[in-house]
Amino acid sequence: MITNNIEVLFGGQAGDGSLTTGDLIAAAFKRMGLEVYTYKDFPSRIRGGHTNYVIRAGEKRHYGVADFVDAIVAFDLECVEIHISEVRPGGFVIFDNSTEKLTDAVRRDDVNFYEVPLAKIAKEQLGLELVRNTISMGVLGALVGMDPQIVRTLVTKQYERKGEKVVGQNVAAIEAGEKYVNENFTRPSGYDLIARPDGDRLLMMGNDAIGYGSLVAGCRFMAGYPITPATDVLEWMAKHAPKYGGIVVQAEDELAAINMTIGAAYAGVRAMTATSGPGQALMTEGIGLAGVVETPIVVIECARAGPSTGMPTKTEQSNLNHLIFSGHGEIPKVVLAPGTVEESFYLTVAAFNLAEKYQLPVFVLSEQALCQSKETIPRLELGAVSIDRGKLVRNGGVTFGEYKRFAFSEDGVSPRTIPGVEGGMHLAPGSEHSDAGVITEDATNRARMMEKRMHKLVAMRPDLPKANVLGDPKATVAFIGYGSNRGPISEAQDRLAADGVATRFLQLRTLWPFPEDDVRNFIKGAAHVFVVEHNITGQLERLIRYVTGPLAHMHPVRKYNGRPFRPIEIIDAVKQKIKDVTKLEATDLQVRSVAR
Amino acid sequence: MITNNIEVLFGGQAGDGSLTTGDLIAAAFKRMGLEVYTYKDFPSRIRGGHTNYVIRAGEKRHYGVADFVDAIVAFDLECVEIHISEVRPGGFVIFDNSTEKLTDAVRRDDVNFYEVPLAKIAKEQLGLELVRNTISMGVLGALVGMDPQIVRTLVTKQYERKGEKVVGQNVAAIEAGEKYVNENFTRPSGYDLIARPDGDRLLMMGNDAIGYGSLVAGCRFMAGYPITPATDVLEWMAKHAPKYGGIVVQAEDELAAINMTIGAAYAGVRAMTATSGPGQALMTEGIGLAGVVETPIVVIECARAGPSTGMPTKTEQSNLNHLIFSGHGEIPKVVLAPGTVEESFYLTVAAFNLAEKYQLPVFVLSEQALCQSKETIPRLELGAVSIDRGKLVRNGGVTFGEYKRFAFSEDGVSPRTIPGVEGGMHLAPGSEHSDAGVITEDATNRARMMEKRMHKLVAMRPDLPKANVLGDPKATVAFIGYGSNRGPISEAQDRLAADGVATRFLQLRTLWPFPEDDVRNFIKGAAHVFVVEHNITGQLERLIRYVTGPLAHMHPVRKYNGRPFRPIEIIDAVKQKIKDVTKLEATDLQVRSVAR
Amino acid sequence: MATVLSPKDFATATPSWWCAGCGDFGVLAALKQACADLALQPKDVAFISGIGCSGKISGYLHSYAFHGVHGRALPTATAVKLANEGLTVIVAGGDGDGYAIGAGHFLHAVRRNANMTYIVMDNQTYGLTKGQSSPTSMLGYKEGTHPEGNPDAPINGLAIALAAGGTFLARGFSSEPKQMTEMLKQAVLHPGFAIVEVMSPCVTFNKINTYKWFKENVYHLDDTPGYDPSDKHKAFATLVQPGKIPLGIFYREQRPTLDQLMLGVDHPTLSSLPIEKIDPRLADLQNAYT
Amino acid sequence: MATVLSPKDFATATPSWWCAGCGDFGVLAALKQACADLALQPKDVAFISGIGCSGKISGYLHSYAFHGVHGRALPTATAVKLANEGLTVIVAGGDGDGYAIGAGHFLHAVRRNANMTYIVMDNQTYGLTKGQSSPTSMLGYKEGTHPEGNPDAPINGLAIALAAGGTFLARGFSSEPKQMTEMLKQAVLHPGFAIVEVMSPCVTFNKINTYKWFKENVYHLDDTPGYDPSDKHKAFATLVQPGKIPLGIFYREQRPTLDQLMLGVDHPTLSSLPIEKIDPRLADLQNAYT
Ligand SMILES: Cc1ncc(C[n+]2csc(CCOP(=O)(O)OP(=O)(O)O)c2C)c(N)n1
Ligand SMILES: Cc1ncc(C[n+]2csc(CCOP(=O)(O)OP(=O)(O)O)c2C)c(N)n1
Ligand code: SF4
Ligand code: SF4
Ligand SMILES: [Mg+2]
Ligand SMILES: [Mg+2]
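Residues numbered from 1 in each chain as written. Chains lettered and ligands numbered in written order. Predicted model: local features only at pLDDT ≥ 70, side-chain atom pairs only at ≥ 80, totals over all residues. Heavy atoms only, no water.

Draft legend 1. Fine view of the relation of the copies chain B and chain A. When chain B is fitted to chain A, the residual RMSD is 0.1 Å, and the transformation amounts to a turn of 180° plus an axial shift of 0.0 Å. A rotation of that kind, with that shift, is consistent with a two-fold axis. Nearest to the rotation axis, the C-alpha of glycine 549 of chain B is located 1.6 Å from it, this being the minimum over chain B. Mapped onto chain A, 100% of the interface residues of chain B again fall at the interface, so both copies present the same surface. (Least-squares fit on C-alpha atoms with pLDDT ≥ 70 in both. Contact = heavy atoms within 4.5 Å.)

Draft legend 2. How the structure looks around the interface of chain C and chain D. Residue-level contacts link 29 residues of chain C with 29 residues of chain D. Note on chain C versus chain D: buried area summed over both sides is about 2400 Å², and carbon and sulfur give 70% of it. Here chain C and chain D share two salt bridges between them. Here arginine 112 of chain C ties to aspartate 152 of chain D by a salt bridge, and the two come within 3.8 Å at their closest N and O atoms. Counting across the interface, chain C meets chain D through six residue pairs in polar contact (both at pLDDT 80 or more). Secondary structure elements with two or more residues in the side of chain C that touches chain D: helix H4 (103-112), helix H5 (157-163), helix H8 (232-240) and helix H9 (258-263) of chain C. The element contributing the most residues to the side of chain C that touches chain D is H4 of chain C, with six residues. By residue class, the composition of the side of chain C that touches chain D is 20 nonpolar, four polar and five charged. (Buried area = accessible area lost by both parts, 1.4 Å probe. Salt bridge = Lys/Arg side-chain N within 4 Å of Asp/Glu carboxyl O. Polar contact = N/O pair within 3.5 Å; in protein donor to acceptor, adjacent residues only side chain to side chain. Helix = DSSP H or I, 4+ residues; strand = E, 2+ residues; numbered from the N terminus. Nonpolar A, V, L, I, M, F, W, Y, C, P; charged D, E, K, R; others polar.)

Draft legend 3. Summary view of the site of ligand 3. Inspection of the region around ligand 3 gives Ile46 of chain A together with Trp18, Cys19, Cys22, Cys53, Asn123, Cys202, Val203, Thr204 and Phe205 of chain C as its neighbouring residues. Residue neighbours of ligand 3 fall on chains A and C, so the site bridges chains. With respect to the pocket detection grid, ligand 3 is positioned in the largest cavity. Looking at the shell around ligand 3, its residues break down into eight nonpolar, two polar and no charged. (Near = heavy atom within 4 Å. 1 Å grid on protein atoms, 1.4 Å probe; cavity = no way out; pocket = protein on both sides within 12 Å on 5 of 7 lines; lining within 4 Å. Sits in = over half its atoms within 2 Å of the grid points.)

Draft legend 4. Region of interest: the pairing of strand S4 (residues 50-58) of chain B. Residues and elements named next belong to chain B. Of all nine residues in S4, nine are buried; the element is thus mostly enclosed. Of the two faces of S4, both are covered, the one formed by His50, Asn52, Val54, Arg56 and Gly58 as well as the one formed by Thr51, Tyr53, Ile55 and Ala57. Of the strand pairs in this sheet, strand S3 (residues 35-41) and S4 are connected by seven bridges, and their pairing is antiparallel. Following the sheet pairing, tyrosine 37 is matched in S4 by arginine 56. (Buried < 20%, exposed > 50% of the residue type's maximum accessible area, 1.4 Å probe, protein only. Pairing = 2+ DSSP bridges.)

Draft legend 5. Structural context of the coordination of the magnesium ion (ligand 5). Residue and element names in this part refer to chain C. Looking at the magnesium ion (ligand 5), the protein donor atoms are Asp95 (OD), Asn123 (OD1) and Thr125 (O), and they sit 2.0 to 2.2 Å from it. Ordering the donors of the magnesium ion (ligand 5) by residue number gives the pattern D-x27-N-x1-T. Residue aspartate 95 is found in helix H3 (residues 95-99), and its partner threonine 125 is found in the loop between strand S4 (116-122) and H5; the two are separated by 30 residues along the sequence. In terms of burial, aspartate 95 and threonine 125 fall into one category: buried. (Donors = N, O, S within 2.8 Å, 3.2 Å for Na, K, Ca; no water.)

Draft legend 6. Spotlight on helix H6 (residues 177-189) of chain D. All names here are of chain D. Over its 13 residues, H6 extends 18 Å from the first C-alpha to the last, a length consistent with the 18 Å expected when each residue adds 1.5 Å. Looking only at H6, the buried set comprises Met180, Thr181, Met183, Leu184, Lys185, Ala187 and Val188. Along its buried surface, H6 packs onto helix H1 (24-37), strand S3 (88-94), strand S4 (117-122), strand S5 (168-173), strand S6 (194-199) and strand S8 (245-252). (Expected span 1.5 Å × (residues − 1).)

Draft legend 7. The arrangement of the site of ligand 2 in detail. Taken together, 23 residues are adjacent to ligand 2, and Glu254 of chain B together with Cys53, Ser54, Asp95 and Asp97 of chain D come closest. The environment around ligand 2 is built from residues contributed by chains A, B and D. Contact between ligand 2 and glycine 96 of chain D: an oxygen atom at 2.9 Å from a main-chain N or O atom of the residue. The backbone of threonine 125 of chain D places a nitrogen or oxygen atom 3.0 Å from an oxygen atom of ligand 2. Bound to the protein, ligand 2 loses 98% of the 580 Å² it would expose on its own. Of all the secondary structure elements, the ones that give two or more residues to the shell around ligand 2 are helix H10 (277-293) of chain B together with helix H3 (95-99) of chain D. The element contributing the most residues to the shell around ligand 2 is H3 of chain D, with three residues. (Areas by Shrake-Rupley, 256 points an atom, 1.4 Å probe, with all protein chains shown as cover.)

Draft legend 8. The arrangement of the environment of leucine 203 of chain B in detail. Relative to the helices and strands, leucine 203 of chain B resides in strand S9 (residues 201-205). Separated by 66 residues in sequence, leucine 203 of chain B and methionine 137 of chain B place their C-alpha atoms 19 Å apart.

Draft legend 9. Structural view of the coordination of the magnesium ion (ligand 6). Protein-derived coordination of the magnesium ion (ligand 6) comes from Asp95 of chain D (OD), Asn123 of chain D (OD1) and Thr125 of chain D (O), at a distance range of 2.0 to 2.2 Å. In primary-sequence terms, the residues that donate to the magnesium ion (ligand 6) follow D-x27-N-x1-T.

Draft legend 10. Structural view of the sheet that holds strand S19 (residues 426-429) of chain B. Reading across from one edge, S19(B)-S2(C)-S1(C)-S3(C)-S4(C)-S6(C)-S5(C)-S8(C)-S7(C) is the order of the nine strands in this open sheet, with mixed pairing throughout. Every other strand in the sheet has two partners, leaving S19 of chain B together with strand S7 (218-220) of chain C as the edge strands with one partner each. Between one strand axis and the next, the sheet turns through 20° on average, direction left out of account. Pairing analysis gives four bridges linking strand S1 (residues 45-49) of chain C to strand S2 (residues 64-67) of chain C, with the strands arranged parallel. Bridged to phenylalanine 47 of chain C within S2 of chain C is alanine 65 of chain C. Against the sheet, H8 of chain C contacts strand S5 (168-173), S7 and strand S8 (245-252) of chain C, and its axis sits at roughly 160° relative to S8 of chain C. (Axes fitted to C-alpha atoms, helices over the stretch in contact; angles between N-to-C directions.)

Draft legend 11. Examining the packing of aromatic side chains more closely. With the rule as written, the count across this model stands at 42 aromatic pairs over all chains. Note on tyrosine 225 of chain B and tyrosine 126 of chain D: the rings are 5.5 Å apart at their centroids and 70° apart in plane angle, and the pair reads as edge-to-face. Taken together, the positions of tyrosine 225 of chain B in the loop between strand S10 (219-224) and helix H8 (231-240) and tyrosine 126 of chain D in the loop between S4 and helix H5 (157-163) put the pair across two chains. Residue tyrosine 225 of chain B is classed as buried on the basis of its relative accessible area, which comes to 3%. The class for tyrosine 126 of chain D is buried, based on a relative accessible area of 8%. Each residue in the set Phe92, Tyr114, Tyr180, Phe185 and Tyr191 of chain A is aromatic and connected to the rest through ring pairs, giving one cluster. When the ring centre of phenylalanine 565 of chain B is taken as origin, the NZ or CZ atom of lysine 559 of chain B, which lies over that ring, is 5.8 Å away. (Phe/Tyr/Trp six-rings, centres within 6.5 Å; stacked < 30°, edge-to-face > 60°. Lys NZ or Arg CZ within 6 Å of the ring centre and 35° of its normal.)

Draft legend 12. Structural context of unusual backbone geometry. Residue tryptophan 512 of chain A is joined to proline 513 of chain A through a cis peptide bond whose omega torsion reads -5°. Following the sequence through the fold, proline 513 of chain A ends up in the loop between strand S23 (510-512) and helix H16 (516-523). A cis amide bond links glycine 306 of chain B with the next residue in sequence, proline 307 of chain B, at an omega value of -10°. With respect to the helices, strands and loops of the structure, proline 307 of chain B is situated in the loop between strand S13 (297-303) and helix H11 (320-325). Even without being glycine, asparagine 4 of chain A reaches a positive phi, approximately 50°. Among the secondary structure elements, asparagine 4 of chain A is positioned in the loop between strand S1 (2-3) and strand S2 (5-13). The backbone of lysine 130 of chain C sits at a positive phi, close to 85°, despite the residue not being glycine. Looking at where lysine 130 of chain C falls in the secondary structure, it is placed in the loop between S4 and H5.

Take it as geometry only, folks, not as evidence of what the structure does.
Structure follows, in structure tokens:
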């Protein structure tokens, strides 16, 4: 009997509502006091095509999926076919047998199957096909002991808007599901949930945390062009910003979006845009402009699997090179990479402060497996954040003729007036210019201006978010990684520790300017350094090798099939390098062989 | 008396025709059997603003400017003011004193001044202001002993199109110049030129060599959008391609240009585009598409000083990172970098073969100081080049159903049909796809496809242009560089050798995939490695450090003021590191202090 | 291959990714029918599509299909046509693909007048990104990026094309297969850049401009006695007239096509030039530099 | 600063980079005069320009001037206006900047109708890159990229803007300072997106469309009795009419501006929101996630 630890995979065809139900279940688990992580795996189409929603819940907080799925709620046979091999021995499957039958091919005797005519019940008993998903919640709840009251409350809240009738139907659906289980199944599922105090926690999606962070940071202008998986941020801001005096513009393309963002920032508003790979590529020229006119902008990159259109709904860490190295000519820029939903909030706030204090473009780099995932997090402390507008000059006090927009200075940052400020008139050109903003090709001025702008990367170091060091700081086995890999790596750490392999993990949160000293120091004394990243060319390893050069004991751990790491894949990579550890069980190997 | 070795700087206001005259003088020097290099330094405006044209001629071939200017032909005082400090002691200045007078500030007693009322003579004696420049040719010719016959022939050829009268006026102008010298100056210039056999050589500009290389390589479609300094290639092709059945499209922007190039290549034509920084930034998304649909395209990058609009007419090596690392997601691409006009031709041909053989985008990276410079070169050997179209399927022989456009293979390259070929119909999508071109997000297929495409970088190694090793292969002082720095580096080598410092120089010609082994081997045994590049962040050094890591004996030699390296700057960097060499003369120091 | 007779000959084995009831099915059906009626050969059809639900159509037409990046189908197609003018080049994409991110290329494709067909599958929304406003969405249209309603006035692609020098402008409705097929055939036969805008409802996200709504809000030029598609001013007036949405062929005119202007008449096809053998005349080009 | 009275108050110390005789001088002069006549304050004028010889104009108008990247001046300016609607936002750029690389943004700026002025300095060529064809170059125009003549039919920016929903469309000639100044004043005063296309000859490269050529090939709407700038159809007919080039205000109309629609009436200016103090209401937003 496994208590308070379960990963449920909800699967069917895209657009059949499993996402909504998944959200409800996640909320229910959270209300029961468990730590929750969710992962959406859906195709780049609106309806049809296999889609699934993984909800992981337990007493320990995880930031990623497990090696195994404990329970599958399958609305069609395809779902069972695809995922049965991922079920933990002793796990179970809830299958809608209204129209399809389970085939022998998918049966496993180490897995419990609960066949329920969900659609049939929905149609015949409740007269509404739609509630099929809700029934499955009842079934699942009854099998794992979800608190019926919590589930009812959530369902009621969810469908309130749609009126009493719909609420009634859904509550009835829950009951029908529970009833079916009690009447037809005696076999226990092997899983049990016991409610704990929920506490004052949130269940939030990465993109929501970015949107919320922006609003808190004072962002009042956003221009964007829809693109998966970044659209959420645009829509979150569109929904919430107006209440705080902000506006959101849907641009005609990303070229317009980035230049609008620059325009708004130039005029004195904290401004942002959010996009993903293809859009980011189109913003390249604009980013360079922001760098030269020293305009503070924040650009959210919600990475997906490229290249080109690639796999728009899948996850990948293959945009890092682009963010750091794209663009003709050289400008200072910053790249921050949160590893959790909570960090997504705090680093977004930091991004706006860095952008304005140093007058340059700052990127917040997330990924599909993080930005579209939900996590239970503590309340976000607004008291812990503050707004630093740097050398912004808003209330005059400058004299025309004396004032120099691009004045040379200690930290490379110059006083910045905005339109409307008396005495601060100037030209802000994308061409090379004098301290006063006059276009010039003078060689001496040019060299100085390049140095002025680039020096910001040095001056800002104290303000940059520090890397996290997790695990045993003295361990000789080391990991370096960032973003969504934070979850699987730290989980791998715990399990390796249990196997007697102590490890330490440097979770980078500032990727540019690259924290060379932190990396150099962290690597000292390590017998093995595993660089874990989600791309094929080793973009993070390349940054590390600039500092370390090639190292015999540096081992790449890479994945590039669009699916997030499972802890076992990392554990396995480690164990393969480190001989003196117990062999892996067959089942693990089986999982590894499953391409995910 | 300095014989057959001179650097002339022609300077005045933009648009006053000094470029044409510079070209004529360069041609004259070439006809006199000398090796010629020219460098244009003009502002980003059409008329007005100081502009100058440097023509270097000597018995030894150089691919860059010298430390000093020997002679200045100044059409205005500003030109003397800006450049007088660059004149070699013993050099001279020809000054048009028609309207302005020389100030004491600009006078140097170690420099000869020849004041000639060029404009006045033009107007009063020849009734045509325009011929002022031609007169100056006569003056210069008389002072340094240019072959009068050669000059007359060239001038005649130059103005033929404009009719007898104009020719007559210009020939008369030459004579007027010569006459003025003979009548007014007894002081010898200290320079003398003695004609040698011209031989079967060419005087060609880098961009012309690229255009010519493209045409020879079979390029018959070019789409581009004007941008300095790449426009020359577009215009060269527009002028010459039609005669060979090719066409040139002026696109509405670079987004259209790159996608047109892809379209034409997809349809089976060898296709190219040419651009510079800002345009390159806009092509980023398209390049990724070419990588995924495996369409062979050639993209010419004529780099200029960024970031953003930057200094559009100045030179820089700050786009290398962008070419290699920009773009969301990962594709195989190739970056070739010629170091001379001759190489610009041969590497362009190589680019088209590589692109089609491996079905990917290939960049040819040049720079303003190379692509807009002229050099004397031997005739280009068409016999030495051949066309390899790789796995192109043009004449059928494929069966629909069996044929797979993206079939997995040894070298990662698949048979490529083009529209019109029976049986080869398929979908070529920017989305991830199966070997048959069907869009799929299957994890296993995805991983294989990524590996298939990236494997090309390994398979192509034997076909990649090799790096040049110049100087003494056993020397312990080593240089690494590419592109326009080839000239100043090898000149520095000669002079260091004369000073007893033997050096070797690895001139990289393939920058991506990076020739890791060549670099590793080259660096072996070096006591000092000087990495010479024209940017502020050390983009080339970053690539090297991936292979070597940080090295105490690796020294950056960087410049980023938009002006090409002078040999002395490199020599100086070396001498500063290597104590045991004779001190530099004061004059050198003076030159260094002049920002150029 | 024998002369194509049935739409089936233009079908691919790939199952469609569209929602049941999507207007795009109608467009695809009409296109296959048109190709069949015109006896085109799949090998000689180059079908370039944009990105969007609409853009997926290139996977469903048996031909040389190219699915490029968002908004760039027209430049790609223009070059395909120039590279091999023997091909029948057809482009299809959404209202966002063509009128938002692709708007600049749209204008320039119109003025260039290359001989190809452009199908704008207009569902007045961004389908694939889940229903945001597109350039043709109505004022006040409420969705994710505009909870309070879209503030940008819709644009009229055909009116703009007319002003930019369009030579064939038509609008169809995806649930009127016959008319659409006829329009597409005319478009393909038109010597120049032919635009067929098709009202193709998005049943999943656009709850305003539904089949029902269209049935109530369209009328046919054929029912307008004496409508003359050669009258530019009338075409403009008809297109910009507020109120019901006219369907039919608004305007047609003939002027030199880009391919004629650039390639001339007896120009060898670029894609079949024998470049493998280096043209000996090329050596002489060097003489200009001696 | 006292009320501005003279064009000098809008002059900068920066010497111009234009060729002697360039039409752009006339545009700059008229613009300074218009600013002076309207008693604008340099600090309240945001002047955004594109890239080109024309684009350099932002360096010569004493104001908050922004010289962005090629073709993107309009989106930049739109955001500046939304960020601080109190500013007078003026945009200037070339025919290439606006109608080639910027064409898509042009269409969308027109439909959005933000309250700002756009000056298209049209010399029918790419001046700064040395004379290649621009979208307004005449058919057959010979230059570097088209030695045999430009094959792309010129586009008519104002006609396209009309079709796209333009609300103020005018065309001037840079050697007619008075009319141009008047047009610019009207444009700035127009509540909405006002376009003033100015024929601004490139004396260095465009040897066809010279001052002389224009003098012989323009006529004035003022001389057309009864011309009514509220008649859309007449405006279209006038604009697309081949032959001589009409100058004047072709069309004006009022419809809600983007700033009105997005900001409403009593909306606080974005750029002066007191964001330094975190709005306490923001904390409650978290409750939705409990
Ligand atoms: C450069 C870029 N930006 C954004 C996207 C995301 N995207 C995909 S389709 C689409 C628009 C879809 O609308 P439409 O063109 O009307 O096609 P529909 O889905 O409605 O048929 C967008 C914005 C993308 N793929 N590429
Ligand atoms: C992205 C990009 N592409 C190309 C260029 C090169 N360029 C500078 S100005 C210009 C066009 C100039 O024409 P126009 O806009 O009509 O301005 P004009 O010089 O004629 O006033 C071009 C293509 C650039 N700066 N940026
Ligand atoms: S979302 Fe709309 S447009 Fe896309 S397939 Fe479904 S119905 Fe068609
Ligand atoms: S090149 Fe033409 S447009 Fe540019 S400044 Fe000279 S005259 Fe004016
Ligand atoms: Mg659409
Ligand atoms: Mg122009």
